Amino acid sequence: CKSGNRLIMAPRNTRHFLIYDLFTGVIESKELDPLYIHKDKAYNFFNTSFLFEDYVYFIPGMYSRMVKINTKTCEIRYLDFGYEEIVDQMPEPKRVVFARCIVEGQYAYITYWQGAKVLKWNLDTDTFQWLTLSNGNQALSGIVSDGSFFWVALRDESVVLKLDLNFNIIEKIKIDPSLTLHCEKPGFNYLFDSVEYLYAVPESGGGIIRIRKEDHSSEMWYEFPASTSKDLEGLSVINNNAICASKLSEKMAVLYSVKDAKIILIDLLK
């Protein structure tokens, strides 16, 4: 996560944050509190991050606290989101708690990887409440908002939910099955949007699916390479096709295509 002249990087397989000064080249290391490591495992501590005012928030994968870092002083705070209360009810994989998040005003909305819940976090007070969707217990992934509606993708089914601002489900948008016919896992990992469209990135599958907000028609908008380059064969992340995707601005999104090891910039206005 970039703030000013600093890059703040969260660990995947190590217990330290790295804070890199872009001007001086100095790297500072900050150790995570081991008290909040689930069963002493060192894997996928955090799943995503976001900036709010002078702070960066790292959203847990396996870690049992949300981490809040002051981007000016580098002070670290550990925020309780009720992990101990939910861990016994969590289905496998227990290593991932949350998927994606968005910030609207003073609130962050964070999708729960293990069920149809959204954590609504008040960024002014660092307090929270759980919002439960009336959609069984289907795991959630990507989330976006256009000011009128929230749109949430399902992790295990090629479906996007259209929600009102109170998180009531208005419509369940089923994606054209021919577009996900060859997906080993038909659900979505990422969701981003423009004024007119939603862009859904499957967990496994041939490419990016574009959905028109107005009539919910869908199409294969970008296709990933059919085969993997030889130097990447054998990597466990290959089956994901895209290992990250993010909206950078109203005009641009970025996606990392695993199979051909390319960073793809997506013009959202085309």
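The coordinates are above.
Definitions and cut-offs
The numbering scheme is per chain: residues are counted from 1 as the chain's sequence reads. The model is predicted, so local features are restricted to residues of pLDDT at least 70 and side-chain atom pairs to those at 80 or more, both for listing and for counting; the totals for chains, interfaces and linings are taken over all residues. Derived side-chain values reflect all non-hydrogen atoms in the structure, with water molecules and hydrogen atoms excluded from consideration. Runs of H or I in DSSP of at least four residues are treated as helices and runs of E of at least two as strands, each being numbered from the N terminus. The reference for a compact globule is 2.2 Å times residues^0.38; the radius of gyration itself is calculated from the C-alpha atoms. Only protein chains enter the calculation, and the probe is 1.4 Å; a residue is then buried if its accessible area is under 20% of its type maximum, exposed if over 50%, and partly exposed in between. We call two residues in contact whenever any of their non-hydrogen atoms come within 4.5 Å of each other. Computed with the Shrake-Rupley method and a 1.4 Å probe, the accessible areas treat only the protein chains shown as cover for residues. Side-chain atoms alone can form a polar contact between residues adjacent in sequence; in general such a contact is a pair of N or O atoms within 3.5 Å, and within protein one must be able to donate a hydrogen while the other accepts it. Aromatic rings from Phe, Tyr and Trp, with only the six-membered ring used for Trp, were paired whenever their centres fell within 6.5 Å, and each pair was classed as stacked if the ring planes differed by under 30 degrees, edge-to-face if by over 60, and tilted otherwise. In our convention, an over-ring charge means Lys NZ or Arg CZ found within 6 Å of a ring centre and within 35 degrees of that ring's normal. At least two bridges found by DSSP between two strands are what make those strands a pair. Residues grouped as a nonpolar core are buried Ala, Val, Leu, Ile, Met, Phe, Trp, Tyr and Cys residues, joined through side-chain atoms within 4.5 Å.

*Asks:* Looking at this structure, how should I read the overall build of the protein chain?
*Replies:* Helix and strand content of the protein chain: one helix and 23 strands. Its C-alpha radius of gyration of 18 Å places the protein chain within 12% of the 18 Å reference for a compact globule of 270 residues. In terms of its C-alpha atoms, the protein chain occupies a principal-axis envelope of roughly 50 × 45 × 35 Å. In the protein chain, buried positions account for 49% of the 270 residues. Excluding contacts between residues fewer than 6 apart, the proportion of contacts in the protein chain whose partners are at least 24 apart in sequence is 38%. Element-wise, carbon and sulfur atoms account for 49% of the exposed surface of the protein chain, whose accessible area totals about 13300 Å².

*Asks:* Would you explain the environment of Ile76 in this entry?
*Replies:* Looking at where Ile76 falls in the secondary structure, it is placed in strand S8 (residues 76-79). Along the sequence, Ile76 and His16 sit 60 residues apart, while their C-alpha atoms lie 12 Å from each other. With residues up to four places along the chain from it excluded, the contact list for Ile76 reads Phe17, Lys30, Val67, Lys68 and Ile69.

*Asks:* Would you mind showing me how to read the side chain of Asn122 here?
*Replies:* Relative to the elements of secondary structure, Asn122 occurs in strand S11 (residues 117-122). Separated by 3.3 Å, the side chains of Asn122 and Gln106 make a polar contact. Residues contacting Asn122, with those up to four places away along its chain left out, are Gln106, Tyr107 and Thr127.

*Asks:* Would you explain the packing of aromatic side chains in this entry?
*Replies:* Note on aromatic pairs: each is described by the distance of the centres and the angle between the planes. Applying the stated rule across the entire model yields 24 aromatic pairs. On the basis of an interplanar angle of 50° and a centroid distance of 6.5 Å, the ring pair of Phe45 and Phe46 is categorised as tilted. We classify Phe45 as buried; its relative accessible area is 0%. Owing to a relative accessible area of 9%, Phe46 belongs among the buried residues under this scheme. Aromatic pair Phe46 and Tyr63: ring centres 5.4 Å apart, planes at 50°, arrangement tilted. With Phe46 in strand S5 (residues 46-52) and Tyr63 in the loop between strand S6 (55-60) and strand S7 (66-70), this pair connects stretches of sequence that are 17 residues apart. Using a relative accessible area of 0% as the deciding quantity, one classes Tyr63 as buried. Here a set of aromatic residues connected by ring pairs shows up, and it is made of Phe17, Tyr36, Phe45, Phe46, Phe58, Tyr63 and Tyr78. Residue placement shows Lys68 over the ring face of Tyr55; its charged tip is 4.3 Å from the ring centre. Between the NZ or CZ atom of Arg210 and the centre of the ring of Tyr197, over which it lies, the distance is 3.9 Å.

*Asks:* Sorry, what's going on with the sheet that holds strand S4 (residues 27-31) here?
*Replies:* Hydrogen bonding along the main chain pairs the strands of a sheet, whether they run parallel or antiparallel. Across the sheet, which stays open at both edges, the four strands sit in the order S1-S2-S3-S4 with antiparallel pairing between neighbours. Looking at the sheet topology across the chains shown, the edges are occupied by strand S1 (2-3) and S4. The pairing of strand S3 (residues 16-21) with S4 spans five bridges and is antiparallel. Its bridge partner lying in S4, His16 is registered against Glu31.

*Asks:* Please clarify how the nonpolar core should be interpreted in this entry.
*Replies:* Nonpolar side chains tend to gather and get buried jointly when the protein is soluble and globular. Core analysis: the biggest nonpolar cluster contains 20 residues, and Phe50, Tyr57, Met66, Phe81, Phe98, Ile110 and Trp121 have the highest contact counts within it. Breaking this core down by element, the ones donating at least two residues are S5, S6, helix H1 (83-86), strand S9 (98-104), strand S10 (107-112) and S11.

*Asks:* In this structure, what is going on with the side chain of Arg155? I would like to understand it.
*Replies:* Its location among the elements puts Arg155 in the loop between strand S14 (150-154) and strand S15 (159-163). A relative accessible area of 14% places Arg155 in the buried class. At a separation of 3.2 Å, a polar atom in the side chain of Arg155 contacts the main-chain carbonyl oxygen of Trp113. Within the local environment of Arg155, its side chain forms a polar contact with the side chain of Asp156, the two groups lying 3.1 Å apart.

Shape descriptors only; they carry no functional weight alone.
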